[in-house]
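# Examination of the molecular architecture
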Amino acid sequence: MTTFSFLPLGLVLHISGIAMMVGTIFAGFLTNQQLWKCLPYDRDRALTIVRATARYRIAGGLGGIFIVLGGILMMVAVHGAFMHQVWFRVKMGILVLLIVNMVLVERPAGQRLRRMLYDDQGPVDVMAMAATKRGLMLFYLLQLVLFLLIFVVSAYKFN
């Protein structure tokens, strides 16, 4: 396989990974809406929703791997030419924000949600539920906006 053929292969992997990752985030956002409608009244149904969507994380992670592999292949194909361009550095900064959002917003909210679902200590605390819902909605909205920014930066390639 020559270096020339790395570019289209890398692009296919990169775009496929983005589609997988954004698709799972969008599906999670929509599913999250259903979860909050039933959680206060039917914990078992909410648990079913969470269990049914547990594989979203795996699909999103696989998409992330495709994004990285595709990006590396494209960098090899262009001999790292993008690395020193402003748009690429901005894109990498947004990527860091995606990861920070997962660690600082999604992880704590997800842990609170799991505690709510798996602790059988009476009714769900309304205040804790509202805080968890806000955290998860913030996570999903930020992820979608950040991916949109990546699309815009990548399409316009400003310098």
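Residues numbered from 1 in each chain as written. Predicted model: local features only at pLDDT ≥ 70, side-chain atom pairs only at ≥ 80, totals over all residues. Heavy atoms only, no water.

## Topic: the pattern of salt bridges
The condition is simple: The salt bridge definition used is simple: a Lys or Arg side-chain nitrogen within 4 Å of an Asp or Glu carboxyl oxygen. Helix numbers and strand numbers start at the N terminus; a helix is a DSSP run of H or I with at least 4 residues, a strand a run of E with at least 2.
Taken as a whole and judged by the stated rule, the model has one salt bridge. Where Arg-57 meets Glu-106, a salt bridge forms, and the shortest distance between an N and an O atom there is 2.8 Å. Here the residue Arg-57 occupies a position in helix α3 (residues 56-77), and Glu-106 occupies one in helix α4 (residues 86-118), the gap between them amounting to 49 residues.

## Describing the nonpolar core
Going by this rule: Take the buried residues of types Ala, Val, Leu, Ile, Met, Phe, Trp, Tyr and Cys, join any two whose side-chain atoms come within 4.5 Å, and each joined set is a nonpolar core. Remark: exposure states derive from per-residue accessible area (1.4 Å probe, protein chains only) relative to the maximum for the residue type, with buried under 20%, exposed over 50%, and partly exposed in between. Any two residues having at least one pair of non-hydrogen atoms within 4.5 Å are treated as being in contact.
Membership of the largest hydrophobic core comes to 19 residues, with the highest contact counts inside it found for Met-21, Ile-25, Ile-94, Leu-98, Tyr-140, Phe-147 and Ile-150. Among the secondary structure elements, those contributing two or more residues to this core are α1 (6-38), α3, α4 and α5 (126-156). The biggest single contributor to this core is α5, with seven residues. Those residues within four positions of Ile-25 in sequence are excluded, and the remaining contacts are Tyr-140, Gln-143, Leu-144 and Phe-147. The next biggest cluster of nonpolar side chains, apart from the first, holds 14 residues, and it includes Trp-36, Leu-39, Ala-46 and Leu-117.

## Description of the packing of α1 against α3
Stated precisely, the cut-off is as follows: For every element, the axis is a line fit to its C-alpha atoms; helices are fit only across the contacting stretch, and the angle between N-to-C directions ranges from 0 to 180 degrees. Oblique is the label for any angle not under 35 degrees, not over 145, and not in the 65 to 115 range, which are roughly parallel, roughly antiparallel and roughly perpendicular in turn. Note: crossing handedness is left-handed where the near helix turns anticlockwise from the far helix by less than a right angle, and right-handed where it turns clockwise. Throughout this entry, Asp, Glu, Lys and Arg are counted as charged residues, while Ala, Val, Leu, Ile, Met, Phe, Trp, Tyr, Cys and Pro are counted as nonpolar. The remaining residues, Gly among them, count as polar.
Two elements in contact, α1 and α3, have axes whose closest approach is 7 Å; the angle formed by their N-to-C orientations is 155°. Taken together, the axis directions place α1 and α3 in an arrangement best described as roughly antiparallel. In this structure, the crossing between α1 and α3 has a hand that is left-handed. Looking at the contact of α1 with α3 residue by residue, the class counts come to 19 nonpolar, 12 polar and no charged.

## Some words on the layout of surface pockets
Any empty space left between the atoms is revealed when a probe the size of a water molecule rolls over them. Using the following cut-off: A pocket here means an open set of points on a 1 Å grid, computed over the protein atoms alone, that has protein on both sides within 12 Å along at least five of seven lines. A cavity is instead a set of points where a 1.4 Å probe fits but cannot get out; residues with an atom within 4 Å of a point line either one. Grid points are joined across faces, edges and corners, and a volume is the space filled by probe spheres set on the points.
For the largest pocket, the calculated volume is near 1400 Å³. The wall of the largest pocket is formed by 48 residues, among which Met-21, Ile-25, Gly-60, Met-102 and Gln-143 lie closest to the centre. For the lining of the largest pocket, the element with the highest residue contribution is α4, accounting for 13 residues. For the lining of the largest pocket, a count of residues per class yields 29 nonpolar, 13 polar and six charged. The computed volume of the second largest pocket comes to approximately 190 Å³. Together, 12 residues line the second largest pocket, and Arg-115, Met-116, Asp-119, Asp-125 and Ala-128 are the ones closest to its centre. The greatest single-element share of the lining of the second largest pocket, amounting to three residues, is contributed by α4. Within the lining of the second largest pocket, the residues separate by chemical class into four nonpolar, three polar and five charged.

## Concerning the packing of aromatic side chains
Inclusion rule: Stacked, edge-to-face and tilted are the three classes for Phe, Tyr and Trp ring pairs, Trp counted by its six-membered ring, which pair at centre distances within 6.5 Å; planes under 30 degrees apart are stacked, over 60 edge-to-face, the rest tilted. Placement of a positive charge over a ring is assigned whenever Lys NZ or Arg CZ falls within 6 Å of the ring centre and within 35 degrees of the normal to the ring plane.
The tally for this structure, following the rule as stated, stands at five aromatic pairs. One Lys or Arg, Lys-157, reaches over the ring of Trp-87 and ends 5.3 Å from the middle of that ring.

## Looking at a nonpolar patch on the surface
Put simply, the rule reads: Each patch groups residues whose relative accessible area exceeds 30% and which form no salt bridge, using 9 Å between like charges and 5 Å between nonpolar side chains of Val, Leu, Ile, Met, Phe, Trp and Tyr. The Shrake-Rupley method, run with a 1.4 Å probe, gives the accessible areas here. Residue values count only the displayed protein chains as cover.
Together, Met-92, Leu-95, Val-96, Ile-99, Val-100, Met-102, Val-103 and Leu-104 give the surface a local cluster of nonpolar side chains, amounting to about 640 Å² of exposed area. When you line up the elements, Met-102 lands in helix α4.

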